[in-house]
Amino acid sequence: MNKPEIDVIIIGAGPAGLSAAVELKKQGIARVVVLERETQAGGIPRHCGHPPFGFREFSRVYTGPQYARKLVETALQAGVEIRTSTTVVQALPNARLQLSSETGVEEISAKRIIYASGVRETPRSARLISGTRPLGVINTGALQSHVYLKQRRPFKHPAIIGTELVSFSAIQTCRHAGIQPVVMLEATDKPVARWPASLFARFSKVPLYLNTKLIRIEGDKQVEGIVVEDINGVQRTINCDGVLLTGKFTPESTLGRCGHLVIDQNTGGPQVNQFGRCSDPTYFAAGNLLRPVETAGWSWKEGHQVANCVVHDLNGKLPDSLESNAENQIQLLSKSANIKFFMPQLISLPHTKVGMKHIQLRFKHRATGILKVLDGSSVLYAKRLKVYPERRVLISIGEAIADCHSNRLELVFEEL
Ligand SMILES: Cc1cc2nc3c(=O)[nH]c(=O)nc-3n(C[C@H](O)[C@H](O)[C@H](O)COP(=O)(O)OP(=O)(O)OC[C@H]3O[C@@H](n4cnc5c(N)ncnc54)[C@H](O)[C@@H]3O)c2cc1C
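Nothing here was measured: the structure is a model prediction, and the numbers come from that model.

Caption draft 1: Expanded view of the sheet that holds strand 11 (residues 158-161). Strand order in the open sheet formed by 5 strands is 10-17-11-12-13, and the pairing between neighbours is parallel. In this open sheet, the two strands that pair with only one neighbour each are strand 10 (137-139) and strand 13 (208-209). As judged from the 4 bridges shared by strand 11 and strand 17 (residues 242-245), these two strands associate in the parallel manner. Bridged to P158 within strand 17 is G242. Its contacts with the sheet place helix 5 (residues 140-149) against strand 10 and strand 17, and it is angled at close to 90 degrees to strand 10.

Caption draft 2: The arrangement of the packing of helix 1 (residues 15-26) against helix 9 (residues 296-314) in detail. Taken N-terminus to C-terminus, the directions of helix 1 and helix 9 make an angle of 40 degrees; their axes are 7 Å apart at the nearest point. Two packed elements cross with a definite hand, and for helix 1 against helix 9 that hand is right-handed. For the pair helix 1 and helix 9, contact is made by P15, A16, G17, S19, A20, E23 and L24 and by A296, S299, W300, E302, G303, H304, V306, A307, N308, V310 and V311, respectively. Within the contact of helix 1 with helix 9, the residues separate by chemical class into 10 nonpolar, 6 polar and 2 charged.

Caption draft 3: Structural detail: the sheet that holds strand 2 (residues 32-35). If you trace the 5 strands from one edge of the open sheet to the other, you get 3-2-1-7-19, paired in parallel fashion. Edge positions in the open sheet fall to strand 3 (81-83) and strand 19 (283-285), since each of these has one partner strand only. The sheet shows a mean angle of 20 degrees between the axes of neighbouring strands, direction not considered. Inspection of the sheet shows strand 2 paired to strand 3 by 3 bridges, in the parallel sense. From the neighbouring strand, L35 faces strand 3, where its bridge partner is R83. Helix-sheet contacts for helix 1 involve strand 1 (8-11), strand 2 and strand 7 (112-115), and the interaxial angle to strand 2 is about 170 degrees.

What counts and what doesn't
Residues numbered from 1 in each chain as written. Predicted model: local features only at pLDDT ≥ 70, side-chain atom pairs only at ≥ 80, totals over all residues. Pairing = 2+ DSSP bridges. Helix = DSSP H or I, 4+ residues; strand = E, 2+ residues; numbered from the N terminus. Contact = placed C-beta atoms within 7 Å. Axes fitted to C-alpha atoms, helices over the stretch in contact; angles between N-to-C directions. Left-handed = near helix turned anticlockwise from the far one by under 90°. Nonpolar A, V, L, I, M, F, W, Y, C, P; charged D, E, K, R; others polar.

Take a look at the structure:
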């Protein structure tokens, strides 16, 4: 007997995709298929060999791999079909996908697609780092994969570039593999990750150099050193056998960029409304693809939330619909230099209890100021805030649009 038509296809078997899949099944959606390009499902946590994962979802603390296994197990028990070693190579209009797997290239379709392909760190090429091109320059994801999945040690004494949370978790990965980093560099005057993350560098005997930037990488076959420059323009060489480029996350949105979906230039992910709906209304997006970067638990929650929107949509109960037009939606805009991005970028009306409750914002640099939502010259929302790079700021959508009379709202941050 032929299998029934697929109701929802999910691109990516990370926390967001698997959580969405389980929620869809729980809400009675018959056929849910998750496509994953890796040989195993579970997403990034598969190679984060450290805790804490899973407290929000399972009320227990797991390591990344344990958490990934639990996600997969839960999805399979719920009746989700997971196809691994299957890469979506093209996203086509009206919920059609082109796939590549060991059986060749095929096209499949569903009633809706949930796009949940996560984030990646910015590689060397996109950071425009000068110098030679020796072996030993990698991102944290590659380090974790070497250490936890392949039991390999790509270097012994690397320099770590960056001070985001993932940079400190990279120290943990290094310790696990007997790797001793020689230095951690931060171009600004403060670590990006919240205190006490930076204490971890000190406990691990990794010197943290603030106001210091990487100028060039040196080495022939393997990295032999890096040249760094401090705030006074003084350069020096630090000997090391590897360079770990951490953070600077960017959504894995290639399918959208190369296809027909509108990409928001600030988040780097697809443009969405509060239901996670993309510019092609048969596509929804969830998890870290929406913006760089949140934790696994947050992404899991977004998967769950977007699945709920998809169920409402399939039942014809989402206020937004396939035929929605510019008149029943509000476009959010911002010209403030310090606002790095905001998400969602569109709010469909009427705003109900379904979907995202907040506009998420990120800022470029540390500052104190007043965050406002403006409808022309009317101030709909104002709050004094101290903002930091890479830290989430939330505005309630309900509050922001309560007295809105137009189709465009501006987000403004006035520095004090
Ligand atoms: C190096 C690194 C370390 C991190 N460390 C932590 C941490 O310690 N703790 C934490 O909470 N968060 C961490 N994160 C954040 C991480 O993104 C989240 O934990 C979580 O994995 C996000 O879930 P997701 O489902 O949105 O994306 P992901 O977990 O990234 O899952 C997306 C999945 O989509 C698949 N995929 C992508 N494109 C395609 C395609 N075209 N076809 C088929 N499949 C595709 C990918 O292979 C992947 O499995 C880290 C992120 C990175 C990059």
